[in-house]
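Per-entry structural report
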Amino acid sequence: MTIISLLLVLLVERVTTKSQYWQFEFYFNKYLTATGTLQTQESSSRSWWWLAIIVLPVLVVYWLVQVLSNGLLELVLSTAILMVCVGCPAVRATYKCFLQAANRGDLEACSLYADQIGEPDESLESFGRNLVWQNYLHYASVILWFTALGASGALLYVLARETFKQLKVTQNPSAADARILMHVLDWLPVRITALGFLLVGHFSRAFPAWLGHLLDLKIAAKALLVDVATQAEEVERDENNCAQEPSTLVRLAKRNVMFILVTIALLTLSGWLN
C-alpha cells in the first residue's frame, strides 16, 4: 500500500495546485494556536514543550493506523496524511515567478524571489542549491520517512521540521535542541537522497564527495546534499541566464525523486517492502 499512496499523492501533486486545506502549514499554525504554544516573541529560557507538540499527534496517528490495520480505511487515512505532508506550493510558486522574471531579464525581481527561499545575502547562484534543499525537505525526506514508518513517520518528520523552523524564527533558545533532533532525523535520509544523485547524475564526480561525507556525524544535512548535488550535475555558468543553474539542479532533484519511487516500487514487488 505504500507505493500506491506515493503514486497517488505525487500524481495529484504534479497535475493540480493544492488548496490550503491540503497544506501542512495551514493545520500546523492552527494546531499551535489551539494549544497556546505559538511563539510571537523571543523567549529567554529553554523548554521542552516543542517535543510534546511533535510526539502527541504522531502517537495518535500511529494508534489510528494500528486500529485500521491492513484495511481500505488505513489506505485512505495514510494517503490523506501523506497528501498534506508532501510538497510546498509556496516554493513552487516562487520558483515559477523566478523563471518568469529570468525570461524577462529582470535580475532585481530574480534576487527578490531568491531571497524568499534562501538568505538575503546569498547570490543568485545559490538559488538552485536552495531549491535542491527544499525539494529534499518537502519531497524526498517525507517519502523516505513514509516508506519506513508509514503515515506516522511522515508526520513525525514534518512536525519536527516545522517546529524547528518556528523556534528558529522566534529565536527561541530551544531551537538548538530542535536542531539536534533534525540532524538525527536527516542523517540517514539525506545520505540516501544524495546516493540517488550519484545514480541519476555524474557518478564518478559525485561519488568521492558522497563517500567522504558518509560517516561524518557532524556535517550539516544541507551542506552534504548540496555538495553532492553540485558534483552530480555539471552546471555551465552563463552570466546572461540566471535561471540556468536553478533549472539544471531542479531537473536533477526531480529525476532523483523518480528514482526513489522506482526503487521503492521494485523493493515492494520483490517483497522487501509492504
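Just so it is clear, the model here is predicted, and its values are computed rather than measured.

**So, the packing of helix H1 (residues 2–15) against helix H4 (residues 72–85)**
Relative placement of two packed helices is described by the angle separating their axes and the distance separating the axes. At a minimum axis separation of 9 Å, H1 and H4 run at an interaxial angle of 40 degrees. Relative to H4, H1 is oriented oblique. The interaxial crossing formed by H1 with H4 has right-handed handedness. Residues Ile4, Ser5, Leu6, Leu8, Val9 and Val12 of H1 form the contact with H4, whose participating residues are Leu75, Thr79, Leu82 and Met83. Here the residues of the contact of H1 with H4 are counted per class, giving 8 nonpolar, 2 polar and no charged.

**Examining the packing of helix H3 (residues 49–67) against helix H7 (residues 127–169)**
At a closest axis distance of 9 Å, the pairing of H3 and H7 adopts a crossing angle of 165 degrees. Judged by the angle between their axes, H3 and H7 are roughly antiparallel. The handedness of the crossing between H3 and H7 comes out as right-handed. The segment H3 lies against H7, with Trp49, Trp50, Ile53, Ile54, Pro57, Val58, Val61, Tyr62 and Val65 engaging Ala151, Ser152, Leu155, Leu156, Leu159, Ala160, Thr163 and Leu167.

**A closer look at the confidence of the model for the chain**
Per-residue confidence for the chain averages 90 on the pLDDT scale, and 92% of its residues sit at or above 70. By mean pLDDT, the top-scoring element of the chain is helix H8 (residues 175–200) (96), and the lowest-scoring one is helix H6 (residues 107–117) (85).

**Comments concerning the pattern of salt bridges**
Enumeration over the complete set of coordinates arrives at 8 salt bridges. One salt bridge connects Glu162 with Arg161, and the closest N-O pair in it is separated by 2.9 Å. This pair shows no difference in class: Glu162 is buried, exactly as Arg161 is. We note a salt bridge from Lys165 to Glu162, for which the minimum N-O separation is 3.5 Å. Pair noted here: Lys165 and Glu162 are both in helix H7, with a separation of 3 residues, about one helical turn. According to the relative accessible area criterion, Lys165 is partly exposed, its value standing at 38%.

**Here we look at the packing of aromatic side chains**
If you walk through the whole model with that rule in mind, you get 9 aromatic pairs. Ring centres 4.2 Å apart and planes at 35 degrees place the aromatic pair Phe98 and Phe127 in the tilted group. Highlighted residues: Phe98 in helix H5 (residues 89–104) and Phe127 in helix H7, separated in sequence by 29 residues. For the pair shown, Phe98 and Phe127 are each scored as buried. Each member of the aromatic cluster is reached from another via a ring pair, and the members are Tyr21, Phe26 and Tyr27. The residue whose ring lies beneath Arg191 is Trp187, and the NZ or CZ to ring-centre distance is 4.1 Å.

**Some points on unusual backbone geometry**
Located in the positive-phi region is Gln171, a residue other than glycine, with phi close to 55 degrees. Here Gln171 lies in the loop between H7 and H8. Gln171 sits in the exposed class, given a relative accessible area of 52%.

**Quick notes on H1**
Look at H1: 20 Å from first C-alpha to last across 14 residues, which is about the 20 Å you get at 1.5 Å a residue. Those residues of H1 not exposed but buried are Thr2, Ile3, Ser5, Leu6, Val9, Leu10 and Glu13. Down the axis, H1 shows its buried residues gathered within 155 degrees of arc, on one side only. Seen from the open side of H1, the exposed residues pointing more than 90 degrees away from its buried face are Leu11 and Val15. In the core, the buried residues of H1 are packed alongside H4, H5, H7 and helix H11 (244–269).

Parameters and conventions
- Residues numbered from 1 in each chain as written.
- Predicted model: local features only at pLDDT ≥ 70, side-chain atom pairs only at ≥ 80, totals over all residues.
- Heavy atoms only, no water.
- Axes fitted to C-alpha atoms, helices over the stretch in contact; angles between N-to-C directions.
- Helix = DSSP H or I, 4+ residues; strand = E, 2+ residues; numbered from the N terminus.
- Parallel < 35°, antiparallel > 145°, perpendicular 65-115°, else oblique.
- Left-handed = near helix turned anticlockwise from the far one by under 90°.
- Contact = heavy atoms within 4.5 Å.
- Nonpolar A, V, L, I, M, F, W, Y, C, P; charged D, E, K, R; others polar.
- pLDDT = per-residue confidence, 0-100.
- Salt bridge = Lys/Arg side-chain N within 4 Å of Asp/Glu carboxyl O.
- Buried < 20%, exposed > 50% of the residue type's maximum accessible area, 1.4 Å probe, protein only.
- Phe/Tyr/Trp six-rings, centres within 6.5 Å; stacked < 30°, edge-to-face > 60°.
- Lys NZ or Arg CZ within 6 Å of the ring centre and 35° of its normal.
- Expected span 1.5 Å × (residues − 1).
- Arc of directions from axis to C-beta.

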